[in-house]
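Structure at a glance
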Amino acid sequence: MTIEHIAIRPGDADYDEARTTLTSTAEPTVVLRPMTPEDVAASLRHAATEGLPLAIRSGGHNALGFGNIDGGVVLDLSRLDQVEVLDAGRVRIGAGATWGPAAAALAEHGLAITSGDTVSVGVGGLTQAGGIGWLVRKHGLTIDNLLAAEVVTAAGDVVRASDTENADLFWALRGGAGNFGVVTAFEFQAQPVSAVQFGTITFALDDVAQLVKGWVAAMRDAPDELTTTLVLMPGFGDFPAGAILYVCLDAEDTAALEPLRAIGTVVAEDVSERPYTDVLEEAHPPEGVLPVIGNTLVESVDEPLIDAIATAYAAGGRVVFLRSLGGAFGRVDPAATAFAHRNAEALVVSAAFLSPDSTEDQIAAARSVWRTIGDHGLGSYAGFLGSDTADDIAALWPGETWERLRQVKRAWDPENTFRRNFNVTP
Ligand SMILES: Cc1cc2nc3c(=O)[nH]c(=O)nc-3n(C[C@H](O)[C@H](O)[C@H](O)COP(=O)(O)OP(=O)(O)OC[C@H]3O[C@@H](n4cnc5c(N)ncnc54)[C@H](O)[C@@H]3O)c2cc1C
């Protein structure tokens, strides 16, 4: 089978658009946009025959530009974006769909899948990282709602993975960050969700430590229906410093919000009932800055961690996000999927924004400030990882999970065809 009908090469009208993602611009030899699993298999054969390295792209939002490549083949799955409602809330979604259109298609049936917070993030990449969304405490990670996947393997076979078919592969796809084959479609159990209470509560930022303490205490008592993210914002240009609490409550009774309003001095609030589709936002990548991003899953937001957050925030130029976990996320057996850090009560993400011409020393200094927070964690989340040193990869998967992932890799991709990712070496 030829790949010419799906190929975009330098000089073609679409090439500039095809070589650009939210996070990267590259000079691929060819961008292939398959329309069927058979096209995907032909694309893999083409890359192998030509001896070209490969990048797999769904939404292209990986922070390190893994969905793009210089001098190689980009397999861009954006045409595999169909959303199909099956029966009893089961839905099949093409890996190249993005979460905004997927949510809109599901909303027509009164359904939703907990995914991320952003319209343009790809279903393929987010799902294989895990998927931390606005309903994570009620419905778990995106992978906790995954029933099966259709995969084109390194050998070019089209297989199905589920609890009962190729179960080792299915386990690894859920948290293994895209190492084991090209997923062409996912089958999820969607949930009946229509409107949610969503919005922000803004607090005066006079005492960071007190606010974080109040937030974590309130979230420990919160019902699973409530998921929140506390964002500590430094002053940027015209924007003053402040603490913004994003809340998503999948319940009509808003009483669960009361304890949160009491954690500090509220200066503004815009929480209201909205369709679930409205809670997904457009991406706003910061321009003209070099972001240095770190994240860690923490078992307990305790005093030493809170002190570290307050000190790092006070150093300036850094946004700190605290995303609540627990609830359904924490009730999944750590060995059931390749996402093992199930005892985390929060994900802490920090982004320092440096000048693009920063020196290595300045970047290293920003990373070392991050380490004062990051060292309190259990490990990292692949979705928000901004670097891929050996230490970064070790932080993604604890020892037993790593060994099991390597076994699956040896079975399904022994030549490491799929290596432009947080790589599990065979
Ligand atoms: C603005 C923004 C907001 C975000 N918000 C959230 C959030 O709320 N929650 C959350 O959990 N994450 C979030 N993320 C992180 C996001 O989940 C990861 O960046 C994810 O990898 C993006 O998926 P993608 O398909 O867009 O990326 P891509 O860059 O296309 O892919 C990411 C990785 O997965 C591999 N891959 C992609 N598709 C496939 C496939 N079908 N088969 C095999 N391998 C594949 C790629 O090769 C690459 O290594 C956000 C990221 C951004 C930039």
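Residues numbered from 1 in each chain as written. Predicted model: local features only at pLDDT ≥ 70, side-chain atom pairs only at ≥ 80, totals over all residues.

Details of the pairing of strand β10 (residues 182-189)
Judged by how many residues are buried, β10 sits mostly within the fold: six of eight residues are covered. Strand direction decides the pairing type here: strand β8 (residues 146-152) and β10, joined by six bridges, are antiparallel. Looking across to β10, one finds that valine 151 is bridged to valine 183. (Buried ≥ 20, exposed ≤ 12 C-beta atoms within 10 Å, placed from the backbone. Helix = DSSP H or I, 4+ residues; strand = E, 2+ residues; numbered from the N terminus. Pairing = 2+ DSSP bridges.)

A short note on the nonpolar core
With 129 residues, the main nonpolar core has Leu75, Val212 and Val247 as its most contacted residues. Here the element with the most residues in this core is helix α7 (residues 208-220); it accounts for seven residues. When residues of this core are sorted by domain, at least three fall in each of domain 1 (4-76) and domain 2 (195-394). With residues near it in sequence (within four places) discarded, valine 247 still touches Phe198, Gly199, Ile201, Leu226, Thr228, Leu257, Leu260 and Val271. (Core = buried A, V, L, I, M, F, W, Y, C linked by C-beta atoms within 7 Å. Domains from an automatic or database assignment. Contact = placed C-beta atoms within 7 Å.)

Here we look at the domain arrangement of the protein
Segmentation of the protein into domains returns domain 1 (4-76) and domain 2 (195-394). Computed over C-alpha atoms, the centres of domain 1 and domain 2 are 33 Å apart.

Comments concerning the site of the ligand
Gly59, Gly116, Gly122, Gly124 and Gly125 are the nearest of the 33 residues found near the ligand. The greatest single-element share of the shell around the ligand, amounting to five residues, is contributed by helix α4 (residues 123-129). For the shell around the ligand, a count of residues per class yields 13 nonpolar, 17 polar and three charged. Each of domain 1 (4-76) and domain 2 (195-394) accounts for three or more of the residues forming the shell around the ligand. (Near = placed C-beta within 6 Å. Nonpolar A, V, L, I, M, F, W, Y, C, P; charged D, E, K, R; others polar.)

Re the sheet that holds strand β6 (residues 90-94)
In spatial order, the strands read β5-β6-β10-β8-β9; together these five strands make up an open sheet with antiparallel pairing. Of all the strands in the sheet, just β5 (83-85) and β9 (158-162) have a single pairing partner and so form its edges. Geometrically, the sheet is characterised by an average inter-axis angle of 15° between neighbouring strands, direction not taken into account. Here helix α2 (residues 37-50) sits on the sheet and contacts β8, β9 and β10; the angle it forms with β8, its principal contact strand, is near 45°. (Axes fitted to C-alpha atoms, helices over the stretch in contact; angles between N-to-C directions.)

Topic: the sheet that holds strand β1 (residues 7-8)
Read from one edge of the open sheet, four strands run β1-β2-β4-β3, paired in mixed fashion. If you trace the sheet from one side to the other, it starts and ends with β1 and β3 (54-57), each paired once. Relative to strand β4 (residues 73-76), strand β2 (residues 30-32) runs parallel, the two being bridged by three bridges. Bridge pairing in β4 places leucine 32 opposite leucine 75. Sheet strands in contact with α2 are β2, β3 and β4, and its direction is about 170° off that of β4.

Observations concerning the environment of glutamate 150
Tracing the backbone shows glutamate 150 in strand β8. Aside from chain neighbours lying at most four places away, what touches glutamate 150 is Pro37, Val158, Arg160, Val183, Thr184 and Ala185.

Observations concerning the packing of helix α9 (residues 303-314) against helix α10 (residues 360-374)
Here α9 crosses α10 at 160°, and the two axes come no closer than 8 Å. Compared by their axis directions, α9 and α10 come out roughly antiparallel. As α9 packs across α10, the resulting crossing turns out to be left-handed. Taking contact as the criterion, the partners of Ala308, Ile309, Thr311 and Ala312 in α9 are, on α10, Val369, Thr372 and Ile373. (Parallel < 35°, antiparallel > 145°, perpendicular 65-115°, else oblique. Left-handed = near helix turned anticlockwise from the far one by under 90°.)

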